[in-house]
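Residue strings, one per chain:
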Amino acid sequence: MADKKAQLIIEGAAPVELPILSGTMGPDVIDVRSLTNQGVFTYDPGFMSTAACESKITFIDGDKGVLLHRGYPIEQLAEKSDYLETCYLLLNGELPNAEQKAHFTGLVKNHTMVHEQMKSFLNGFRRDAHPMAVMCGMVGALSAFYHDSLDNNNPQHREISAIRLIAKMPTIAAMAYKYSAGQPIMYPRNDMGYAENFLHMMFNTPCEDKPVNPVLARAMDRIFVLHADHEQNASTSTVRLAGSTGANPFACIAAGIAALWGPAHGGANEAVLTMLDEIGSVENIDKFIAKAKDKNDPFKLMGFGHRVYKNFDPRAKVMKKTCDEVLSELGINDPKLELAMKLDEIARNDPYFKERNLYPNVDFYSGIILKAIGIPTSMFTVIFALARTAGWISQWKEMLSTPYKIGRPRQIYTGYPARDYAPLDSRK
């Protein structure tokens, strides 16, 4: 933290000195906590200029296209690591050695099953319920089944809850899919890797238990790694805000899932496929490219550019490579996938998109991969939530292990001033 000061001049009052804080990386931050003593506070809709916490987990530099987990570039983790190792890194701050990784992986595998009565809970949903509705409800209900370790002040309880959530999320996600498809639920297998086990539970049935394609399992694992955490976004901030009240971890993660469900947050890769449906065929691409360039046309190319990354999405290069591997392995002849690849090629070479850094982002490629694997679009955000659970629970644990305050945003009140109650017969 640097020893620097900012000075705020309020007309008619003495200048206010505010400390300027410096992190390891990123811009300096003006500490405005003392402003309430002056009878004022800041106004920042969407909290776009406000740091609500201090964190050591994830760093993003959108202008330079940088995403670091505990200091490690996301590209290196996606290429050289795997999801469970990344989970360990997010939770504990360092990469595990061989013994630590084996122990952590064993813990996760031993907690993949959910309480058998949760199947009865699942049966209470309509068969046509959205999988995100099912997941949100079932994750919130975990506290009713695993209430033996819900003391937030106990570090061991926090660790147990973190393991349970990371372990059980693929099982719950697959249960939501199987239920909507009217198929029997497949139990997890502890002899499989994390992503391999998820695909097993998704696509196998009791009458045909086929081996999981390792190329697809690796692709799914990379999707999990690339979505594991993304700093203080809407859903992560929701988890922290819920956690600041002392709510149990399952309720906090359910709150994060609810926030992620919004189409402005977690539905981006689903929006890519909706856009491809709208374009229809390769012959229509030129027309829709022209529409995207027209400022007066509401059409937007989904999956291009990123609100955070002003240069390029560092996750997209890895996802592009993975996408090529999956399509090559499956040899799929799908007009929608052909359309997506053609759109990718045009946008990468068109000066209009290059000048504006509107490159394909991670959502563009992940949507194509998930479709190629055979996962329905209604499950896309569920998989996002599955992967992001590691980041959410790491952020929750970090908050509880340091001094924190209950979240309480302020407002500018623009309603009526105080007024007297009028009797019913005198109101116009």
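Let me begin by describing the structure that accompanies this report.

What counts and how
- Residues numbered from 1 in each chain as written.
- Predicted model: local features only at pLDDT ≥ 70, side-chain atom pairs only at ≥ 80, totals over all residues.
- Heavy atoms only, no water.
- Helix = DSSP H or I, 4+ residues; strand = E, 2+ residues; numbered from the N terminus.
- Rg over C-alpha atoms; globule rule 2.2 N^0.38 Å.
- Buried < 20%, exposed > 50% of the residue type's maximum accessible area, 1.4 Å probe, protein only.
- Contact = heavy atoms within 4.5 Å.
- Areas by Shrake-Rupley, 256 points an atom, 1.4 Å probe, with all protein chains shown as cover.
- Lys, Arg positive; Asp, Glu negative; His and termini not counted.
- Charge placed at Lys NZ, Arg CZ, Asp CG, Glu CD.
- Pairing = 2+ DSSP bridges.
- 1 Å grid on protein atoms, 1.4 Å probe; cavity = no way out; pocket = protein on both sides within 12 Å on 5 of 7 lines; lining within 4 Å.
- Points joined across faces, edges and corners; volume = space filled by probe spheres on them.
- Nonpolar A, V, L, I, M, F, W, Y, C, P; charged D, E, K, R; others polar.
- Axes fitted to C-alpha atoms, helices over the stretch in contact; angles between N-to-C directions.
- Parallel < 35°, antiparallel > 145°, perpendicular 65-115°, else oblique.
- Left-handed = near helix turned anticlockwise from the far one by under 90°.
- Phe/Tyr/Trp six-rings, centres within 6.5 Å; stacked < 30°, edge-to-face > 60°.
- Salt bridge = Lys/Arg side-chain N within 4 Å of Asp/Glu carboxyl O.

1. Side note on the overall build of the chain
Looking only at helices and strands, one finds 17 helices and six strands in the chain. Its C-alpha radius of gyration of 24 Å places the chain within 12% of the 22 Å reference for a compact globule of 428 residues. For the C-alpha atoms alone, the extent of the chain along its principal axes is close to 75 × 65 × 60 Å. Counting across all 428 residues of the chain, residues that qualify as buried make up 46%. Residue pairs in contact within the chain that sit at least 24 positions apart in sequence constitute 70% of those at least 6 positions apart. Split by element, the accessible area of the chain, about 21900 Å² in all, is 53% carbon and sulfur. One way to put it: in the chain the 46 positive side-chain charges average out to a point 3 Å from where the 48 negative ones average out.

2. Focus on the pairing of strand β2 (residues 16–21)
Across the two faces of β2 the burial differs, with Val16, Leu18 and Ile20 buried and Glu17, Pro19 and Leu21 not buried at all. Alignment of strand β1 (residues 4–8) against β2, held across five bridges, turns out to be antiparallel. Paired with alanine 6 across the bridge in β2 is leucine 18. Note that β2 and strand β3 (residues 29–30) share two bridges and pair antiparallel. Considered in β3, the bridge of leucine 21 is made with valine 29.

3. Some thoughts on the sheet that holds β2
Sheet strands associate in pairs through backbone hydrogen bonding, adopting either a parallel or an antiparallel arrangement. In space, the three strands of this open sheet follow the order β1-β2-β3, with antiparallel pairing throughout. Two strands lie at the open edges of the sheet, namely β1 and β3, each paired on one side alone.

4. Regarding empty space enclosed by the protein
In total, this model carries three cavities of 30 Å³ or more according to the counting rule given. In this structure, the largest cavity occupies an estimated 80 Å³ of space. Met113, Val114, His115, Glu116, Lys119, Thr171, Met175, Ile185, Met186, Tyr187 and Pro188 together form the lining of the largest cavity. Here the lining of the largest cavity is built from residues that sort into seven nonpolar, two polar and two charged. Reported here for the second largest cavity is a volume of approximately 60 Å³. Elements represented by at least two residues in the lining of the second largest cavity include exactly α3 (98–109) and α7 (194–203).

5. A look at the packing of helix α2 (residues 83–92) against helix α17 (residues 380–400)
Their axes nearest at 9 Å, the elements α2 and α17 cross at an angle of 15°. It follows from the interaxial angle that α2 and α17 lie roughly parallel. Crossing handedness for the pair α2 and α17: right-handed. Residues Tyr83, Cys87, Leu90 and Leu91 of α2 pack against Leu386, Ala387, Ala390, Gly391, Ile393, Ser394 and Lys397 of α17. Of the residues in the contact of α2 with α17, the class split is eight nonpolar, two polar and one charged.

6. Focus: the packing of aromatic side chains
Considering all chains together, one arrives at 11 aromatic pairs under this definition. Here the aromatic rings of tyrosine 83 and tyrosine 194 are separated by 5.1 Å at their centres, their planes lie at 40°, and the arrangement is tilted. Remark: tyrosine 194 occurs in helix α7 and tyrosine 83 occurs in helix α2; sequence separation between them is 111 residues. Taking the centre distance of 5.9 Å and the plane angle of 85° together, the rings of tyrosine 194 and phenylalanine 224 count as edge-to-face. Pair noted here: tyrosine 194 is in helix α7 and phenylalanine 224 is in helix α8 (residues 214–226), with a separation of 30 residues, a long-range link. With a relative accessible area of 0%, phenylalanine 224 lands in the buried category. Taken together through their ring pairs, the aromatic side chains of Tyr83, Tyr194, Phe198 and Phe224 make up a single cluster.

7. Considerations on unusual backbone geometry
A positive phi angle is found at phenylalanine 47, which is not glycine, with a value near 55°. Tracing the chain through its elements places phenylalanine 47 in the loop between β3 and β4 (58–61). With a phi angle near 65°, glutamate 231 is a residue other than glycine that sits in the positive phi range. Locating glutamate 231 in the fold gives a position in the loop between α8 and α9 (234–243).

8. Some details on the pattern of salt bridges
If the charged atoms of two oppositely charged side chains come close together, the side chains can form a pair. Under the criterion given, the structure shown has 20 salt bridges. Residues arginine 240 and glutamate 398 are paired through a salt bridge, measuring 2.6 Å at the closest nitrogen-oxygen approach. With arginine 240 in helix α9 and glutamate 398 in helix α17, the pair connects residues that are 158 residues apart, well separated along the chain. Residues arginine 240 and glutamate 398 agree in their burial class; the two are buried. Linked through salt bridges whose partners overlap, the residues forming this network are Glu79, Arg222, Lys321 and Glu325.

Note that every value here comes from positions in space, so none of it alone points to a role or purpose.
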